[in-house]
Amino acid sequence: MTVPGGDLVVRNIGRLTTWRRPVIQDAAVIIRAGIVEWTGESRELPAQVRDAPEIDAGGAAVLPGFVDCHTHAVWAGTRRDDFVGRLSGEAYSPAGIMSTVAATRAATDDELRATAAERLGAMHRHGTTTVEVKSGYGLTAHDECRILDVVAALAGETDAIVESTYLGAHVVPADAARSAYVDEVIATLPEAKRRGARWCDVFCDEGAFTVDEARRILTAARDEDFGLRIHAEQLTNSGGAALAAELACVSADHLDHVTTEDARALAAAGVVAVLVPVASLYTRSQRWGHAQLLSDAGCTLAVATDCNPGTAWCESMPYAVQLACLGMGLPVEVALRAATEGGARALRRDDVGHLGRGARGDLVVLDGDHEADLVGHLGASGINRTVVAGRPLG
Ligand code: NIG
Ligand code: FE
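So, a few notes on the structure that sits alongside this text.

Cut-offs used in this document
Residues numbered from 1 in each chain as written. Chains lettered and ligands numbered in written order. Predicted model: local features only at pLDDT ≥ 70, side-chain atom pairs only at ≥ 80, totals over all residues. Heavy atoms only, no water. Helix = DSSP H or I, 4+ residues; strand = E, 2+ residues; numbered from the N terminus. Rg over C-alpha atoms; globule rule 2.2 N^0.38 Å. Contact = heavy atoms within 4.5 Å. Areas by Shrake-Rupley, 256 points an atom, 1.4 Å probe, with all protein chains shown as cover. Lys, Arg positive; Asp, Glu negative; His and termini not counted. Charge placed at Lys NZ, Arg CZ, Asp CG, Glu CD. Salt bridge = Lys/Arg side-chain N within 4 Å of Asp/Glu carboxyl O. Buried < 20%, exposed > 50% of the residue type's maximum accessible area, 1.4 Å probe, protein only. Near = heavy atom within 4 Å. Polar contact = N/O pair within 3.5 Å; in protein donor to acceptor, adjacent residues only side chain to side chain. Nonpolar A, V, L, I, M, F, W, Y, C, P; charged D, E, K, R; others polar.

Describing the overall build of the chain
Secondary structure assignment for the chain yields 13 helices and 16 strands. Taking 394 residues into account, the globule formula puts the C-alpha radius of gyration at 21 Å, and the chain, at 20 Å, falls close to it. Judged by the C-alpha coordinates and their principal axes, the chain covers about 65 × 40 × 40 Å. For the chain, restricting intrachain contacts to residue pairs at least 6 apart in sequence, the fraction spanning at least 24 positions comes to 71%. Accessible surface computed for the chain: about 14800 Å², of which carbon and sulfur atoms make up 50%. Here the chain contributes 36 positive and 53 negative side-chain charges, whose respective centroids are spaced 3 Å apart.

Following this line, the structure appears as structure tokens:
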């Protein structure tokens, strides 16, 4: 990792979204040592930047880099059979997670690292400049720590921000007794912390962990100084959102089966609602209305890919945004804000997700001259250039 980063001037921007002031037309950005120093209209560009490396955006729109605040990017094997089965009417079941666990346990560290690095590379090409990565396909203390080590290694190889989350409580492994496994997850928390995990997550749902088990794990994690996240109300309404509000988790994610009362409790407790529309599509839940319900209740929204082999094999934040708009009905600006600033809020960061002065110089130059076209042009990449800490990738 070589942050703080480079100097860069991005010129000839048709529309610049910073989220700190109204969209600026015919704009430029100055990044110094990886940090945004100046944004404004081209004609006001200070003269002294003339020597800095530059990008000519060619009139394209520029956005803050995407903040993908929910991924499971370290895994081995494939869930092809689950996917094909769903298309002939089989329902998604968390039991399928165990086949990914078996493949992941059998993979070498190098294999896990290489495949995860490819996924992160694809994420960067799709404009992601900050990514959260969960463990959760190891499900023994040893294998969970191995995955967290892979996440730490990936973080060390890139200027992009990689946030690490311990998800030992993904499902109860088929080869373990329930209460002994909950004890093991709790006992592993200090080691997970030492391996670089900042967050602890629990999958609270039918087929995964109960509210009482999730409360035990998350309370212990809070005592170990983890920030708390929860997979809640994905497959059924089972009380995960109310627990998120009770524990003031930083985020509650999925929420397909959330109720109005849950949504109000999340908003009152300041829990960020993370929408993962790719999973809603991929599991064929056909549930989209929760986004509006959470928005109406006043929740801060984030949009993430949930990149994983079982419910969301997708590295593309633009695709997640397209589904947030076309599936969930969010306006373009709301969805783009959720995919940038909202993701940053879900990771408790104010240095990313916007392009105000002092933010990291993480941005995307789009192909088109308006950010709505990133959503409207389906099946296209839409991203021309990704800049991380003032350094253009690729
Ligand atoms: O976020 N819901 C739990 N975990 C993942 C799916 C994991 C899998 O099926 O492999 C999710 O959807
Ligand atoms: Fe997930």
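Thoughts on the pattern of salt bridges
Opposite charge on two side chains permits pairing when their charged atoms draw close. Counted by the stated rule, this structure contains 30 salt bridges. One salt bridge in this structure joins Arg-43 and Glu-44, with 3.9 Å as the shortest N-O distance. A relative accessible area of 67% places Arg-43 in the exposed class. What makes Glu-44 partly exposed here is its relative accessible area of 44%. The network of salt bridges with common partners includes Arg-105, Asp-109, Asp-143, Arg-146 and Asp-175.

Concerning the site of ligand 1
Around ligand 1, the structure places 15 residues, and the nearest of them are Arg-79, Tyr-92, Tyr-137, Gln-234 and Thr-311. Between ligand 1 and the protein, one listed contact pairs an oxygen atom with a side-chain N or O atom of Thr-311 at 2.6 Å. Here ligand 1 has 330 Å² of accessible area as a free molecule, and 100% of this is covered by the chains. Residue composition of the shell around ligand 1, by class: four nonpolar, nine polar and two charged.

Description of unusual backbone geometry
Unlike most non-glycine residues, Leu-139 shows phi in positive territory, near 60°. Summarising the element assignment, Leu-139 is placed in the loop between β7 (128-134) and α4 (141-157). Within the chain, Asp-225 stands out as a residue other than glycine whose phi angle is a positive 75°. Relative to the helices and strands, Asp-225 resides in the loop between α6 (211-223) and β10 (227-232).

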